[in-house]
Amino acid sequence: MKKKKLKYLFFGFFFIGILIANLFGKEKLAQFGIFNNYYLQQFEYAQIDETDLFLYIVRERLPVLGFLVLFGMTEFWYPMHLLFVAWNGGAIGFLFVSALSNLGVKGILLVVLSLIPQYIFYVLMYLLLFELQGMQHGEAGNGFSGGKIKHKGKYLVGFGIILLFAVFGILTETYINPFLMKNIIKLF
């Protein structure tokens, strides 16, 4: 039931993000973000320092994961997930409108492709994290203190898989996505 609420929250804030972006107007959206012609031209010819990109992505992604894991051990785990999902839904809705406003219908395709393949791993990572934290609070109530030994093993394996998904997400975002984006941008 809690997962279902997250889905509704995501799409609700997705539409709120769309609404907010539309309130900004086309001129203002042209100044935002990466989905304008100037940025795409610069990106197409730019050399990417993979080490710097890797370090940047690690600095962006791991603190968010750490934050969710730490809050997941508290009684505030579910409200934190609600905030996380609401923010992401709104941001993606805003991004879609920005891309559509600046690039037309092909902008939507560009947004979707900019999320591949890394978000496959990030979404799987998030769903597993949410599931583990839900099990943790359903059984123990507050952290691992009340869990049985066999459940601790499940949690450790689960968190190992979460870290593996995070690593795959970061690696694909660093090494595969820029290559795909450069080739896709040539079509625009």
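Higher on the page you've got the structure.
None of these values were measured; they are calculated from a predicted model.

Time to look at empty space enclosed by the protein. A full pass over the atoms with the stated rule returns one cavity of 30 Å³ or more. Taken together, Arg61, Leu62, Leu65, Tyr122, Met125, Ala166 and Ile170 make up the lining of the largest cavity. In terms of residues, the lining of the largest cavity owes the most to one element, helix 4 (residues 50-71), which gives three residues. Of the residues in the lining of the largest cavity, the class split is six nonpolar, no polar and one charged.

What follows concerns the environment of Phe179. Position of Phe179 among the secondary structure elements: in helix 8 (residues 149-185). Sequence separation between Phe179 and Ile48 is 131 residues; the distance between their C-alpha atoms is 9.6 Å.

Here we take up the packing of aromatic side chains. The full count for this structure, using the stated rule, is 14 aromatic pairs. Consider the rings of Phe14 and Phe15, whose centres lie 5.5 Å apart with planes at 80°: the pair is edge-to-face. These aromatic residues form a ring-pair network of at least three members: Phe10, Phe11, Phe14, Phe15 and Phe96. Of note, Lys2 hangs over the ring of Tyr78, and the distance from its end group to the ring centre comes to 4.6 Å. Above the plane of the ring of Phe43 lies Lys182, whose end atom (NZ or CZ) is 5.3 Å from the centre.

Analysis parameters
- Residues numbered from 1 in each chain as written.
- Predicted model: local features only at pLDDT ≥ 70, side-chain atom pairs only at ≥ 80, totals over all residues.
- Heavy atoms only, no water.
- 1 Å grid on protein atoms, 1.4 Å probe; cavity = no way out; pocket = protein on both sides within 12 Å on 5 of 7 lines; lining within 4 Å.
- Points joined across faces, edges and corners; volume = space filled by probe spheres on them.
- Helix = DSSP H or I, 4+ residues; strand = E, 2+ residues; numbered from the N terminus.
- Nonpolar A, V, L, I, M, F, W, Y, C, P; charged D, E, K, R; others polar.
- Phe/Tyr/Trp six-rings, centres within 6.5 Å; stacked < 30°, edge-to-face > 60°.
- Lys NZ or Arg CZ within 6 Å of the ring centre and 35° of its normal.

Shape descriptors only; they carry no functional weight alone.
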